[in-house]
Amino acid sequence: MKRTFSFFAAPAVLVGSGTALVAATYGLVRLAYGLFLPDVQDAIGLGDGPAGWIASGSSVVYCIGALVGFVLAPERPRTAVVLAALTAGLGVAGMAASTTPLVFGTAAVVSSAGAGLASPALVRLVQRDLSAERVNGAQAVVNSGTGPGLVAAGVLALVLLPDWRVAWAVAAVVTVTAGAAVLLADRAAAPAPTGTGPTTGTGRATDTERRPSPVPPLAWFAAHRGPVLVALLLGAGSAAVWTYGRTLLVDAGAPTILSVVAWIALGTGGASVGLTSRWLGRLPSRTAWAHTAAAVALATLGLGLAAQLHGVTLAAVALLSCALFGWGYTAATGALISWTTELDRDRAASGTSVLFVVLVLGQALGAAAAGRALATVGAGPVFIVAAVVVALGVVPALAVVPALRGLPALRSPHRCPARRSSPRSTPAEPAGDAASPPRGTR
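Model, not experiment: these values are computed from the prediction. (Residues numbered from 1 in each chain as written. Predicted model: local features only at pLDDT ≥ 70, side-chain atom pairs only at ≥ 80, totals over all residues. Heavy atoms only, no water.)

Where helix H1 (residues 11-30) contacts helix H4 (residues 77-97), the two axes come as close as 11 Å, and the packing angle between them is 35 degrees. Here H1 runs over H4; the crossing is left-handed. Where H1 approaches H4, its residues Leu21, Thr25 and Val29 are matched on the opposing element by Val81, Ala84, Ala88 and Val92. For the contact of H1 with H4, the per-class residue count stands at six nonpolar, one polar and no charged. (Axes fitted to C-alpha atoms, helices over the stretch in contact; angles between N-to-C directions. Helix = DSSP H or I, 4+ residues; strand = E, 2+ residues; numbered from the N terminus. Left-handed = near helix turned anticlockwise from the far one by under 90°. Contact = heavy atoms within 4.5 Å. Nonpolar A, V, L, I, M, F, W, Y, C, P; charged D, E, K, R; others polar.)

So, in structure tokens, the structure goes:
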């Protein structure tokens, strides 16, 4: 049956607009807070203490947004996209227009909900609108939008600072535009009813067939204990870079422009995940996690050692470490999405919400611990310990597979099959005396 909006019906348009929404809600809004904060403080008299409370409040509201996405996205992902665009777009517009710390802080806290809502909504839309074999690669590309967003924030900072208001006004326009593009692309890509049964001509299940029950069973939560643990460790360990990365470079004697360029390098590394998405999509999710979390740990260690360097060596190590961190962190969050999708495809949006909430809670804990330790031991040792924390997350990823084999299957036999994965994936268990299926299928 012919579809409307034929241009928007292309899967690449949904993936591209979804990537733009992630770039806006994460890179331009939520994660740009620390980049522009010094100029905001000078302009409106915002103190360090209130600035810290704003950051904490933003983390809490992000988690609330993600939990709302947990409930809303599986059945109403378009509504979640609308809420994401409105909270992030209007929130950052309020930041741009604010003249007092109270107004600025309120708008900043509200704007963080957009990122929490966007991730589960986009996971569900990509899963619903694309064929099964394309989902994992598409999810990795969409999730890599944080990188371009960070690059854009850095470029805006280089060009516009100290005029931070214009930068965030631009972010507001981009956010709302990206949200509208996602809605158009999803409307065009949605399979038209055929009247012949629960599946469409593309082989995708309809919403009615693939709709999960509202509350996951206990087995679902038990199966997620591994990814929950590693998400917590990644959040706690990565907080040192997100919160104090620029502080470390400035304290080590790096010029201000180098700290901003390092931010751009971090974003460039995140954006490069799109170039490796096909390779990552072929790997089992736990293998992809092990590679990417190890990259985050190595990059964090490199920044910790950079605190002892000077001149050109400091610049080279800082830029390389930031680029590696950006790639590893963005790809690791994509691996978490793949992991929960492999555990239960129909609840991938809910799993993404849970894992990202745990990730942000880990960041809150890590930032608090790092802040206390900085005054006593310095940035270098703090970053080295943070690298060890991230590295510890690689171990459960490798050990969790045997523990999960005894759990009951979480997928309905009538729903869409899981994606075909790497030849190194664990094969499905044979039924009865039937021959084992080919390796790499589930």
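A few words now on empty space enclosed by the protein. For the structure shown, the criterion picks out three cavities of 30 Å³ or more. Here the largest cavity is characterised by a volume of approximately 110 Å³. Residue lining of the largest cavity: 16 residues in total, with Ala140, Leu280, Gly334, Ala335 and Ser338 positioned closest to the centre. At five residues, helix H16 (residues 311-343) tops the list of elements feeding residues into the lining of the largest cavity. Across the lining of the largest cavity, the residue classes break down as seven nonpolar, eight polar and one charged. (1 Å grid on protein atoms, 1.4 Å probe; cavity = no way out; pocket = protein on both sides within 12 Å on 5 of 7 lines; lining within 4 Å. Points joined across faces, edges and corners; volume = space filled by probe spheres on them.)

Turning to the pattern of salt bridges, a few remarks are in order. Within this structure, the stated rule accounts for four salt bridges. Between Asp344 and Arg347 there is a salt bridge, with the nearest N and O atoms lying 2.8 Å from each other. Take Asp344: its relative accessible area is 1%, and that puts it in the buried class. What makes Arg347 buried here is its relative accessible area of 7%. Where salt bridges share partners, they join Arg78, Arg128, Asp129 and Asp186 into one cluster. (Salt bridge = Lys/Arg side-chain N within 4 Å of Asp/Glu carboxyl O. Buried < 20%, exposed > 50% of the residue type's maximum accessible area, 1.4 Å probe, protein only.)

For the pair helix H15 (residues 285-306) and helix H18 (residues 379-392), the least separation of the axes is 8 Å and the interaxial angle reads 170 degrees. For the element pair H15 / H18, the angle class is roughly antiparallel. Residues Ala293, Val296, Ala297, Thr300, Leu301, Leu303, Gly304 and Leu305 of H15 form the contact with H18, whose participating residues are Gly380, Phe383, Ile384, Ala386, Ala387, Val390 and Ala391. Residue classes in the contact of H15 with H18 are distributed as 12 nonpolar, three polar and no charged. (Parallel < 35°, antiparallel > 145°, perpendicular 65-115°, else oblique.)

We now examine the side chain of Ser353. Mapped onto the elements of the fold, Ser353 is located in helix H17 (residues 348-377). Residue class for Ser353 comes out buried when judged on its relative accessible area of 1%. Side-chain polar atoms of Ser353 contact the backbone oxygen of Ala66, separated by 3.0 Å. In contact with Ser353, not counting residues within four places along its chain, are Ala66, Gly69, Phe70 and Pro120. (Polar contact = N/O pair within 3.5 Å; in protein donor to acceptor, adjacent residues only side chain to side chain.)

What follows covers the nonpolar core. Grouped together as the largest cluster of nonpolar side chains are 118 residues, with contacts concentrated most on Phe104, Trp168 and Trp289. Those residues within four positions of Phe104 in sequence are excluded, and the remaining contacts are Tyr33, Val40, Ile44, Leu46, Ile54, Met95, Ser98, Trp164 and Trp168. (Core = buried A, V, L, I, M, F, W, Y, C linked by side-chain atoms within 4.5 Å.)

This brings us to the packing of aromatic side chains. As enumerated under the stated definition, the model contains 11 aromatic pairs in all. Their ring planes at 70 degrees and their centres at 6.1 Å tell us that Tyr26 and Tyr62 sit as a pair that is edge-to-face. Taken together, the residues Tyr26 in helix H1 and Tyr62 in helix H3 (residues 48-72) connect sequence positions 36 residues apart. We note that Tyr26, like Tyr62, is buried. On the numbers, 6.3 Å between centres and 65 degrees between planes, the contact of Phe70 with Trp220 is edge-to-face. On the criterion of sequence distance, the pair formed by Phe70 in helix H3 and Trp220 in helix H11 (residues 218-223) is long-range, its members being 150 residues apart. By relative accessible area, which is 15% here, Phe70 ends up buried. Taken together, Tyr33, Phe36, Phe104, Trp164 and Trp168 form an aromatic cluster joined through their ring pairs. Here Arg30 stacks its cationic end above the ring of Tyr62, 4.8 Å away from the centre of that ring. (Phe/Tyr/Trp six-rings, centres within 6.5 Å; stacked < 30°, edge-to-face > 60°. Lys NZ or Arg CZ within 6 Å of the ring centre and 35° of its normal.)

We now examine helix H2 (residues 33-44). It helps to recall that an α-helix has 3.6 residues per turn; residues three or four apart then point in one direction. Listed in full, the buried residues belonging to H2 are Tyr33, Leu35, Phe36, Leu37, Val40, Gln41 and Ile44. Taken from the residues just after H2, Gly45 is the one with a positive phi, measuring 70 degrees.

The residue Val68 is located in helix H3 in this model. Residue class for Val68 comes out partly exposed when judged on its relative accessible area of 37%. As a C-alpha pair, Val68 and Pro120 span 52 residues in sequence and 9.5 Å in three-dimensional space.

On to a nonpolar patch on the surface, then. Where nonpolar side chains cluster on the molecular surface, the patch consists of Leu298, Leu301, Leu305, Ile384, Val388 and Leu392 and spans about 500 Å² of accessible area. Mapped onto the nonpolar patch, the elements with two or more residues apiece are H15 and H18. Turning to its location among the elements, Leu392 is positioned in helix H18. A relative accessible area of 49% places Leu392 in the partly exposed class. (Patch = residues over 30% accessible without salt bridge, like charges linked within 9 Å, V, L, I, M, F, W, Y side chains within 5 Å. Areas by Shrake-Rupley, 256 points an atom, 1.4 Å probe, with all protein chains shown as cover.)

Within the secondary structure, Ser350 sits in helix H17. Residue class for Ser350 comes out buried when judged on its relative accessible area of 4%. In the structure, Ser350 is positioned 227 residues away from Val123 in sequence and 9.3 Å away in space, judged by C-alpha atoms. Discounting residues that sit within four places of it in the chain, Ser350 has contacts with Phe70, Pro74 and Trp220. A polar atom in the side chain of Ser350 sits 3.2 Å from the backbone oxygen of Phe70.

Now for the confidence of the model for the protein. Interpretation of the predicted coordinates at a detailed level should be avoided for regions scoring low in pLDDT. Taken over all residues, the pLDDT of the protein has a mean of 81, while the share at 70 or more is 81%. For the protein, the element scoring lowest by mean pLDDT is helix H10 (residues 207-210), at 47; H4 scores highest, at 96. Considering only residues more than four positions removed or in separate chains, one finds that residues 1-7, a stretch of pLDDT under 50, has 12 contacts. Note that residues 401-442 has pLDDT below 50 and, in this model, 71 contacts with residues that lie over four places away or in other chains. (pLDDT = per-residue confidence, 0-100.)

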